Amino acid sequence: MDKEVRDRLDQFINDFLNVKEVKQFLLIKEEISHSEELTLLKEKLKLSQKDMAISIGKKDYNEKKDNYFQTKKEYENHPLIVNYNVLLDEVNYLLTELKNKLS
């Protein structure tokens, strides 16, 4: 790849990373990865999912299933996760628009 094309591509990537929605998305993603609360909640979600799976066909299945869905709701309704999902949709939209323009 010649230098001019490489330079333009680098500039394009830099410009894309500076789009407000992309910057916010990356910031939220970083916050999520460093959130002890979300790390613990995600681990709790995994454990409740395993408990539910193990209890299939047993009398405590419905209790385990309810616990799993309650934990899942708690995780999905956490403000950082809600914001992440909104921004993920926006970034995906931008990428789709970009892809369509390049096609």
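Cut-offs and rules
Residues numbered from 1 in each chain as written. Predicted model: local features only at pLDDT ≥ 70, side-chain atom pairs only at ≥ 80, totals over all residues. Heavy atoms only, no water. Helix = DSSP H or I, 4+ residues; strand = E, 2+ residues; numbered from the N terminus. Rg over C-alpha atoms; globule rule 2.2 N^0.38 Å. Buried < 20%, exposed > 50% of the residue type's maximum accessible area, 1.4 Å probe, protein only. Contact = heavy atoms within 4.5 Å. Areas by Shrake-Rupley, 256 points an atom, 1.4 Å probe, with all protein chains shown as cover. Lys, Arg positive; Asp, Glu negative; His and termini not counted. Charge placed at Lys NZ, Arg CZ, Asp CG, Glu CD. Patch = residues over 30% accessible without salt bridge, like charges linked within 9 Å, V, L, I, M, F, W, Y side chains within 5 Å. Salt bridge = Lys/Arg side-chain N within 4 Å of Asp/Glu carboxyl O. Axes fitted to C-alpha atoms, helices over the stretch in contact; angles between N-to-C directions. Parallel < 35°, antiparallel > 145°, perpendicular 65-115°, else oblique. Left-handed = near helix turned anticlockwise from the far one by under 90°. Phe/Tyr/Trp six-rings, centres within 6.5 Å; stacked < 30°, edge-to-face > 60°.

Enquirer: Looking at this model, I keep getting lost on the overall build of the protein. Mind explaining?
Expert: Check the secondary structure of the protein and you find five helices and zero strands. Since a compact globule built from 103 residues should have a radius of gyration of about 13 Å, the 20 Å found for the protein marks it as more spread out than a globular shape. Oriented by its inertia axes, the alpha-carbon framework of the protein measures out at about 65 × 30 × 20 Å. Looking at the protein as a whole, 19% of its 103 residues are labelled buried. Sequence-distant contacts in the protein: of pairs separated by 6 or more residues, those separated by 24 or more amount to 66%. For the protein, the accessible surface area stands at approximately 8200 Å², while carbon and sulfur atoms represent 54% of it. If you average the places of the 18 positive and of the 20 negative side-chain charges in the protein, the two averages end up 5 Å apart.

Enquirer: Whenever I open this one, the environment of L17 confuses me. Can you help?
Expert: In this fold, L17 is placed in helix α1 (residues 3-17). The spatial distance from the C-alpha of L17 to the C-alpha of E36 is 27 Å, given a sequence separation of 19 residues. If sequence neighbours within four positions are ignored, L17 has contacts with V22, K23 and L26.

Enquirer: So what exactly am I meant to see when it comes to the environment of L27 here?
Expert: Counting through the fold element by element, L27 comes out in helix α2 (residues 20-33). Under the relative-accessibility criterion, L27 is labelled exposed at 51%. For the pair L27 and L80, spaced 53 residues apart in sequence, the C-alpha separation works out to 10 Å.

Enquirer: Help me understand a nonpolar patch on the surface in this model?
Expert: On the surface, a nonpolar cluster with roughly 400 Å² of combined accessible area is contributed by L9, F12, I13, L17 and L26. With four residues, α1 is the single largest residue contributor to the nonpolar patch. Along the chain, the position of I13 falls in helix α1.

Enquirer: Is there a simple way to explain the side chain of H78 in this structure?
Expert: For H78, the location among the structural elements is in the loop between α4 (61-76) and α5 (79-102). On the accessibility criterion, H78 (11% relative accessible area) is buried.

Enquirer: I'm lost on the packing of helix α3 (residues 36-54) against α4 in this one. Help?
Expert: For any two helices packed against each other, the geometry comes down to the angle between their axes and how far apart the axes lie. At a closest axis distance of 9 Å, the pairing of α3 and α4 adopts a crossing angle of 155°. In terms of orientation, α3 lies roughly antiparallel with respect to α4. Along this stretch, α3 crosses α4, giving a crossing that reads as left-handed. Of α4, the residues touching α3 (which contributes L38, L41, K42, K44, L45, S48, Q49, D51 and M52) are Y61, K64, K65, N67, Y68, T71, K72, E74 and Y75.

Enquirer: Would you mind going over the packing of aromatic side chains with me for this structure?
Expert: The description of two aromatic rings rests on the distance between their centres and on the angle between their planes. Inspection of every chain in the model, using the stated rule, returns two aromatic pairs. Where Y68 meets F69, the ring centres are 5.0 Å apart and the plane angle is 70°; that geometry is what we call edge-to-face.

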